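For reference, the chains in residue letters:
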Amino acid sequence: MTANTAARLLQHYVDNFRPLPWRSPPGAPPPHPYRVWLSEVMLQQTTVAAVTPRFARFVTRWPSIEELAAADESAILSEWAGLGYYARARNLIACAREVARRGGFPMTAAELRRLPGIGAYTSAAIATIAFGERVAAVDTNVERVIARLHGVKNRSRREIERLTLAMTPAERPGDFVQALMDLGATVCRPKAPRCSACPVAPYCAAFGSGKPEAFPERKPCAARPHRHGIAWWIERGGSVWLVRRPAVGLLGGMAALPGPEWTDEAPLANPIVTVRHVFTHFSLDLAIILRGEPAGEGWWQPIAGLADAGLPTLYRRAAERVLDVRRAA
Ligand code: SF4
């Protein structure tokens, strides 16, 4: 099945190519590794639809990794606002500076993996898409497609990588991995796979079983802990008092409303609004409370210019809710 499956997948990719701004058309010279790397880091937590305009803004502002490496850290963190998980943004900056110092990206997955914030998947994706190395880049879409094609319910990531690599052709391995990614995103979907539109259905063990969505087996989700926090709304003359969070930790280095550390206990407080936000490892109720005097080191941000403050989603939503309540009062 391997050669036929690979050929069909590649043809399907050619016929249904999605012209995303970080991609090159099938068969064309590969995209610059800067664009592949940046898009992969952005896509780790956000959808293609959400990333597409943000990617365009990023590369317009910093067209090369050298320009990104030379940029002010707070400007990059502000531009990252809303893309989630700020440890990634800080790793992005560290990686850009290391690549600029070296004079360019290394060309193999093994060397790429030594750069800050680049794990097994991202290093393989850059190596195969930008440099044509024949390696297996297994994200959740690829894992699902391979598991279904081989009828694998419960195998380790290493085994899935081995099966992926066995199918990967020596020619155009980057197009092949993108063909797998696209099939997983658009046809071999988690809940309702479109097997009738799938070019490799004749070779697919999961399709043959009659229950393709049963592959691979889903792991039970662990319960997400819940936490509580307070943030103060301190307003004076059309401005609100903002602070910068500590460099290390969740939302590190980002602009924020001031407030004490989050706890497991609900506060005894009378908030203007409470905002619920779901992080990767816990959910949070953030109570916004009026306060008169500034708290901590910070600055007065004009409310009319709040959009330029680089607030992460949690605090941006909190500010929007406060302003909504005031408008309705
Ligand atoms: Fe996925 Fe169905 Fe195609 Fe198999 S036939 S790869 S289950 S879409």
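Structure: above.
Residues numbered from 1 in each chain as written. Predicted model: local features only at pLDDT ≥ 70, side-chain atom pairs only at ≥ 80, totals over all residues. Heavy atoms only, no water.

Undergrad: Is there a simple way to explain the packing of aromatic side chains in this structure?
TA: A ring pair, where both rings are aromatic, is described by two values, the distance of the centres and the angle of the planes. Per the stated rule, a full pass over the model turns up ten aromatic pairs. Geometrically, the ring pair formed by F58 and W80 is edge-to-face, given 6.2 Å between the ring centres and 85° between the ring planes. Pair noted here: F58 is in helix 3 (residues 48-61) and W80 is in helix 5 (residues 73-80), with a separation of 22 residues, a long-range link. What makes F58 buried here is its relative accessible area of 0%. Positioned above the aromatic ring of F282, the side-chain terminus of R227 is 5.7 Å from the ring centre. It is R291 that lies over the ring of W232; its NZ or CZ is 4.3 Å from the centre. (Phe/Tyr/Trp six-rings, centres within 6.5 Å; stacked < 30°, edge-to-face > 60°. Helix = DSSP H or I, 4+ residues; strand = E, 2+ residues; numbered from the N terminus. Buried < 20%, exposed > 50% of the residue type's maximum accessible area, 1.4 Å probe, protein only. Lys NZ or Arg CZ within 6 Å of the ring centre and 35° of its normal.)

Undergrad: I tried to follow the sheet that holds strand 6 (residues 283-290) on my own but got confused; where do I start?
TA: In a beta sheet, neighbouring strands pair by backbone hydrogen bonds and run either parallel or antiparallel. Here we have three strands laid out as an open sheet, ordered 1-6-5, and mixed in their pairing. The sheet is open, and its two edges are formed by strand 1 (226-233) and strand 5 (273-278), each paired on a single side. On average, adjacent strands in this sheet sit at an angle of 25° to one another, irrespective of strand direction. Here strand 1 runs beside strand 6; their pairing, made up of eight bridges, is parallel. Counterpart to W233 in the pairing with strand 6 is L290. Those strands touched by helix 13 (residues 313-328) are strand 1, strand 5 and strand 6, and its axis lies near 155° from that of strand 5. (Pairing = 2+ DSSP bridges. Axes fitted to C-alpha atoms, helices over the stretch in contact; angles between N-to-C directions. Contact = heavy atoms within 4.5 Å.)

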